Amino acid sequence: MCEQFSQNGATPEIRSILSEANSKYNGFQMDAGDKNPNDISPVLTISSNNNIEAKPMAWGIPEIENRKYIYQVESDMALHERSLRRCLLRYPVAVPVTGFYEWKKEPLRKKWHKTYFHDSADAIFYLAGFCRHSDENGEPVDHYTLLRSRPNKYLMLYHIRMPLLLKKEEVRDWLNGTNISYYLNRQPFRLKAEPVGTSRRARIPKT
């Protein structure tokens, strides 16, 4: 589920968020476009003075002991596993997107049908997640993971899970962490499915 999402730079809101995040990033400047696991992209979080701000974060929370990364977390697991619950409640994030991709395997063949899911009005929406702060080679780095939940009746034709979705007007409520349980358990809203074609499936790295 959601092994790739899009941040279309033609969308004014995406350009604005990207510009703000780039102003805080000391490394290379991030570009808009499709994002894959381990990529750095702009993510919304809440500041100490309760303002929404865009920060650069890497997709995937490192598990040092297992030498793996957590790219997606089941919503119910995030509530019950202690370390994940702590990050979820203290550091929720919202990832601005113009859409995301799913792959459905063609029976008895090695081909995958790629589908792009986006808002019917072509507005941006958000993928809910949480972040964890870490230190790499003496430099502070923020990593995030996405939450996934049961699919709505439209997306279940493509996958058994889907990202936890947020509308623009819900972002502040999510980032404030006041109604986490509500968003984790509600039915996701509908998106438009647009076939992209047949392609190799994007696979999440195992490292």
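This one's a predicted model, so the numbers in the text were calculated from it and none came from an experiment. Every chain is numbered independently, its residues counted from 1 as its sequence is written. Under the rules for a predicted model, residues below a pLDDT of 70 receive no local features and side-chain atom pairs below 80 are neither given nor counted, while totals for whole chains, interfaces and linings still include all residues. Water and hydrogen atoms were dropped before computing side-chain values, which therefore reflect all heavy atoms in the structure.

Caption draft 1: Up close: the pairing of strand E4 (residues 52–59). For two strands to pair, DSSP has to find at least two bridges joining them. Strands here are runs of E lasting at least two residues and helices are runs of H or I lasting at least four, both read from the DSSP assignment and numbered beginning at the N terminus. Pairing between strand E3 (residues 40–46) and E4: 7 bridges, direction antiparallel. By the bridge assignment, Pro-42 is partnered in E4 with Pro-56. Linking two consecutive strands that pair antiparallel, namely E3 and E4, is a turn of 5 residues; a positive phi of about 65 degrees is found at Asn-50 within it.

Caption draft 2: Seen up close, the nonpolar core. Counting residues in hydrophobic clusters, the biggest one holds 29 residues, and the most contacted among them are Leu-44, Leu-88, Tyr-126, Phe-130, Leu-147, Trp-174 and Leu-184. Within the second largest apolar cluster, 21 residues are counted, among which are Val-95, Leu-127, Cys-131 and Met-162. Residues enter a nonpolar core if they are buried and are Ala, Val, Leu, Ile, Met, Phe, Trp, Tyr or Cys, with the set joined through side-chain atoms within 4.5 Å. Each residue is placed in one exposure class: buried if its accessible area under a 1.4 Å probe, protein chains only, is under 20% of its type's maximum, exposed if it is over 50%, and partly exposed if it falls in between.

Caption draft 3: Just helix H1 (residues 12–22), in detail. Every buried residue of H1 is listed here: Ile-14, Ile-17, Leu-18, Ala-21 and Asn-22. Angular distribution of buried residues about the axis of H1 spans 130 degrees; they occupy a single face of the element. To obtain the arc, one takes the directions from the helix axis to the C-beta atoms.

Caption draft 4: Spatial organisation of helix H3 (residues 82–90). Within the span of H3, buried status applies to Leu-84, Cys-87 and Leu-88. Looking down the long axis of H3, one finds its buried residues gathered within 100 degrees of arc, a one-sided arrangement.

Caption draft 5: Highlighting the environment of Trp-103. In this structure, Trp-103 sits in strand E9 (residues 99–105). In this structure Trp-103 comes out as buried when scored by relative accessible area, which is 5%. The spatial distance from the C-alpha of Trp-103 to the C-alpha of His-113 is 5.4 Å, given a sequence separation of 10 residues.

Caption draft 6: Fine view of the state of the cysteines. Only a pair of cysteine sulfur atoms within 2.5 Å qualifies as a disulfide here. Summed over all chains, the structure comprises 0 disulfides. Cys-87 forms no disulfide, and the closest cysteine sulfur to it belongs to Cys-131, at a distance of 7.4 Å.

Caption draft 7: Summary view of the pairing of E9. Counting buried positions along E9 yields 5 of 7 residues, so the element is predominantly enclosed. Note: strand E1 (residues 5–7) against E9, 2 bridges, orientation antiparallel. Its bridge partner lying in E9, Phe-5 is registered against Phe-100. Sheet topology places E9 next to strand E10 (residues 112–118); 6 bridges connect them, and they run antiparallel. Note on E10: the bridge partner recorded for Lys-104 is His-113.

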